[in-house]
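Architecture and fold: a report
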Amino acid sequence: MEKRFQPELYEQKWQTWWSENGFFVAEAESERPSYCIMIPPPNVTGNLHAGHALQTTIQDLLTRWKRMLGFNTLWLPGTDHAGIATQLMVERQLAAEGIEKAELGREGFVEKAWDWTLQHHGRIRAQLDRLGASCDWTREKFTLDEELSNAVREAFVRLHREGLISRDEYIVNWSPGLQTAISDLEVEMKSVAGKLYHISYPIEGTDERIVVATTRPETMLGDTAVALHPDDDRYLHLHGKSAVLPLVGRKIPFVKDAVVDRDFGTGLVKVTPFHDPTDFEIGRRHDLPGVRVIDSSGRMTDEAGSDFAGLDRAVARKKVVQMLQEQGFLAEIEDYTHNVGHCQRSGVPIEPMVSTQWFLDMNEMAARALDSVRSGRTRLVPDSWDKTWEHWLENIRPWCISRQLWWGHQIPAWYDDKGGIFVAHSRQEAEKLAGTSELTQDTDVLDTWFSSALWPFSTLGWPDQTRDLATFYPTDVLVTGFDIIFFWVARMVMTGLHFMDEEPFQTVHLTGLVRDSEGHKMSKTRGNTVDPLELVDEFGADALRFTFAILDSPGRDIPLDADRMAGYKAFGNKIWNAVRFSLGNTGDSRVQEELDLEKLELPERWILSRLARTAAEVNAKFEIYRFDEACQRLYHFFWGDLCDWYIELCKPAFSGKAPRPLVGEVLLTVIDRSLRLLHPVMPFLTEELWQRLPGREVIHSETITLAPYPQAQPDWIDDEAELNIGRFIQMIGWVRATRADLAVDSKTELELFVSADDDFKVRLTELEPLARPLARLSGFSFELAPESAHQDKVAGLGLGLIIPEVELTDRDLERQAKERDELKAQSTRIQELLSNESFTTKAPEKVVNQNRQRLTELTDRLAQLEAGLGKS
RNA sequence: GGGAGGUUAGCUCAGUGGAAGAGCACCUGCUUUACACGCAGGGGGUCGGGGGUUCAAAUCCCUCACCUCCCACCA
């Protein structure tokens, strides 16, 4: 067996073997309870990033754990067609080949996009495989699969027939960068240093002028009113009159609207219904016409007037300002920093624009989703997200679901030449409805998130009543980043309740963001992104997974630190070597299912007890999604209890100096259970090692992935063994520390004087051969320690060592003096506490006693220390 | 303008009422027959500031400061 753990030698082998043997394939029908996780589908043409690696780790950990617990486990993988992202990639690719998108046409373009998709498809799987993901690839799905597209059409048609989806002319967020409408969620507010232009408008038939302020002077060309607050005495006299729009000459009315803030600017607002969302609402309330002055590419229209038609909106702004100035309408220009909506994906400022789009009314569905979290039927972990959830759903607005793209699900709506609209599952059905075959299909596609919203059931065959759907819906847990809680999570809950009448999952585990080692957000522009596969190359998948799992504290972002990961690779090496040692020293012993506890001596009973407690706690922590605490526990059990103590305690037994019954069996059994406990986090290493354990094949399955997950095992809990070995460990610790403190040469053997109760003396006699190598002792003496010995009281034991005369350095002396001062301070504090009557009467007895005992210990220790100091 | 989270050892973070913790980094010794990706020992923090509740506060309450992030129709 190699001296070192070399993950690159085994990882691929096991992933292939697991896959070929179908260990991860779920049963469509089963006696066993089901457990299901739907993967958040990554972009089909994308690469896995660090955030995916984190989420994959958590999902796989849960899946493997539940699988070992005997559940009929399904982790369903798949990918998303990612409309905008993929279309942009394909466009870029075409541009590089010198092909014009327009001359290719829609059909040609979609064909290219499919080529691109199929070409990249498989990459995601390869990457997930490298991380050890135990997905059921026989059930892999893609959002544009025929089956899923069918679900999309079904959902659209139903929602339309229920009156929730409608086609409407409304003001939308237009992205001039992408040339499509986008949803509110895809708009990102950015603070922009701009100008606030104060423009004066003459009042018709008077010499009076009013002043309005705007950050976008070019939109004034489309003004159709001026708004004032209904209670604003300053301006009430204007109501009924008209302002004359400068440069244009159009007479526009005054309207009273409560949305106006009297304290901002002059308290008067210019109203441009077709180019501002607030103004659009005002326009609707007062039945104002709108004028479209900017077109979809961001250029001024003919309606903007001959001076401006055809100009880019930025150029037009300059020209409007210049002309206003020349004609004496510009009152003031003020520096002004304000928030401007930008297109999240293309980065350009959003152009609010009136256009005809498809909208989904979310009110009803949102109310149910809101109630679902309030009532606890959907649980957000951590629950600090509850308020965010509430706020968003309470203020929900219609979702603009149509996109002016080619890549995606084309909207299942057909038009005849008389303006009739026919929404149907297919062209045939639409033709039947229309009574004509002269129909053209809507050219828009649906927002990618519309199909994602159906993912928990569309992947299981809905709307057909499939066996998978019956078995696995509702799913159990969703693991994803908080950044898509609205984009995706909330919408899945809404559609799940609407179409399935049941929440799509019980629990949503929201992970933090993966940041770089300094806590910065990873971004391509910053250049600090980390490729998880490179980390797998360097440290192995198991170390990467362990690192993510142990860092996943609720509500916390995760700083990805290579040093830390190196530390957990070392943990892998530790495991490797512990097994290597065990296999090399246990002779013919074999892993056992049951152990005759009566026959075992103290160290064996101790490690089994520690193991049982660890198993109980790890299960409990997994149950509440505290992977960090579970891993912490696993780490310390394996390295601390098992390697530092138990294996050391085994050595004298293996060497024949102090044989004990069943040592080999116990060690192998503990290794077996430990590997199984670790398996969900470190699948490759544990399979590689577990396969080598003699005897395990008689008891369990051929693979650790299907072996039972260790449970609490109460009969292994042994308080007496834990107490005694605990005292023993403290005793050894004292000897080691004392030797180091007093600079005793490491080769010098010392005799340890111990005063203890008779029972522990008996125990200690058994343990004597084990204690010798651990602390370089020649042996124990139960005689009274001589006056000259260094003495102390530890864990209720009186301990003494005769230390050969050594010259203590100044540093040693300094340290001793410091310790003495600290002890004195503590002792004083506790004395004060105990002499405080309100403490002794009000504090629980347990706490008071604890302090009494502590004071005795401190006093003893202080006395010993001062005697020692006197001597030196 | 609302809301959430954070401020604990050099770094990154656990710890929600009873003696300050982990990993990494650091210091001092070690070829102790699995592992130097190791072993043993050790240094280092008035738990952001202030106030309050309590016998007792990193932990509960108030307040201030700073840092993140989310939501938002003050033109």
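Residues numbered from 1 in each chain as written. Chains lettered and ligands numbered in written order. Predicted model: local features only at pLDDT ≥ 70, side-chain atom pairs only at ≥ 80, totals over all residues. Heavy atoms only, no water.

Section: the packing of aromatic side chains
Just so we agree on the cut-off: Aromatic rings from Phe, Tyr and Trp, with only the six-membered ring used for Trp, were paired whenever their centres fell within 6.5 Å, and each pair was classed as stacked if the ring planes differed by under 30 degrees, edge-to-face if by over 60, and tilted otherwise. Strands here mean DSSP runs of E at least two residues long; helices mean DSSP runs of H or I at least four residues long; both are numbered from the N terminus. In this scheme, a residue with accessible area under 20% of its type's maximum is buried, one over 50% is exposed, and one in between is partly exposed, where area comes from a 1.4 Å probe on protein chains only. Remark: a charge is flagged as sitting over a ring if the NZ atom of Lys or the CZ atom of Arg is within 6 Å of the ring centre and within 35 degrees of the ring normal.
In this structure the tally under the stated criterion is 37 aromatic pairs. Centroid distance F546 to Y635: 6.4 Å. Interplanar angle 35°. Geometry classified as tilted. Taken together, the residues span a long stretch of sequence, with F546 in helix α17 (residues 541-551) and Y635 in helix α20 (residues 627-654) at a distance of 89 residues. Owing to a relative accessible area of 0%, F546 belongs among the buried residues under this scheme. Put simply, the rings of F546, Y568, F571, Y635, F638 and W639 pair up and form one aromatic cluster. When the ring centre of W399 is taken as origin, the NZ or CZ atom of R491, which lies over that ring, is 3.7 Å away. Above the face of the F581 ring, K651 is positioned so that its terminal group lies 5.6 Å from the ring centre.

Topic: the sheet that holds strand β20 (residues 440-441)
Rule in force here: Two strands qualify as a pair provided that DSSP identifies no fewer than 2 bridges between them. Residue contacts are defined here by distance: any two heavy atoms, one from each residue, within 4.5 Å place the two residues in contact. Axis lines are fitted to C-alpha atoms, over the contacting stretch for helices. Their N-to-C directions set the angle, which ranges from 0 to 180 degrees.
With antiparallel pairing, the three strands of this open sheet are ordered in space as β19-β18-β20. Here the strands that pair on one side only, and so sit at the sheet edges, are β19 (421-423) and β20. Two strands pair when backbone bridges link them, and strand β18 (residues 413-415) and β20 are joined in this way by two bridges, in the antiparallel orientation. Opposite Y415, over in β20, you have T440 as the bridge partner. Lying over the sheet, helix α11 (residues 427-434) contacts β18, β19 and β20, oriented at roughly 135° with respect to β19.

Regarding helix α16 (residues 532-539)
Where we set the bar: Starting at the helix axis, one direction is taken to each C-beta atom, and the arc is that of these directions. We call two N or O atoms a polar contact when they sit within 3.5 Å, provided that within protein one can donate a hydrogen and the other can accept it, with sequence-adjacent residues counted only if both atoms are side-chain atoms.
Three or more residues of α16 are buried, namely P532, L533, L535, V536 and F539. Buried residues of α16, viewed axially, fall in a sector of 155°; they line one side. In α16, those exposed residues whose orientation departs by more than 90 degrees from the buried face are E534 and D537. Two to three positions downstream of the cap, the backbone nitrogen of L533 sits 2.9 Å from a side-chain oxygen, assigning the N-cap of α16 to D531. Phi for G540, located one or two positions after α16, is positive at around 95°.

Details of the sheet that holds strand β27 (residues 777-781)
The four strands lie next to each other as β27-β26-β29-β28, forming an open sheet whose pairing is mixed. The open sheet is flanked by β27 and β28 (790-794), the only strands paired with a single partner. Strand after strand, the sheet turns through a mean of 25° between neighbouring axes, direction not considered. As paired elements, strand β26 (residues 750-755) and strand β29 (residues 797-801) share four bridges and run antiparallel to each other. Opposite V754, over in β29, you have L799 as the bridge partner. Against the sheet, helix α24 (residues 719-741) contacts β26, β27, β28 and β29, and its axis sits at roughly 30° relative to β29. Of the strands in this sheet, β26, β27 and β29 touch helix α25 (residues 758-775), which is tilted by about 165° from β27.

Quick word on the packing of α16 against α17
It is the contact of α16 with α17, at a shortest axis distance of 7 Å, that shows an interaxial angle of 115°. On the side of α16, the interface is formed by P532, L535, V536 and F539, while α17 contributes A541, A543 and L544.

Examining the pairing of strand β11 (residues 251-256)
Pairing geometry for strand β9 (residues 225-228) and β11, over three bridges, is parallel. If you follow V226 over to β11, its bridge partner there is F254. Pairing analysis gives three bridges linking strand β10 (residues 242-244) to β11, with the strands arranged antiparallel. Across the sheet, S242 pairs through a bridge with P253, a residue of β11.

Details of the state of the cysteines
Which entries qualify depends on this criterion: Cysteine sulfurs are considered disulfide-paired once they come within 2.5 Å of each other.
What the rule picks out here adds up to zero disulfides. Just so you know, C631 is unpaired, no disulfide at all, and the nearest cysteine sulfur is the one on C643, 16 Å from it. In this structure C650 is a free cysteine whose sulfur lies 11 Å from that of C643, the closest cysteine sulfur available. Among the residues examined, C650 registers a relative accessible area of 0% and is labelled buried.

Digging into helix α15 (residues 485-500)
Within α15, 14 of the 16 residues are buried, which leaves it mostly tucked inside the rest of the structure. Trailing α15 by a residue or two, D501 shows a phi angle of about 60°, which is positive.

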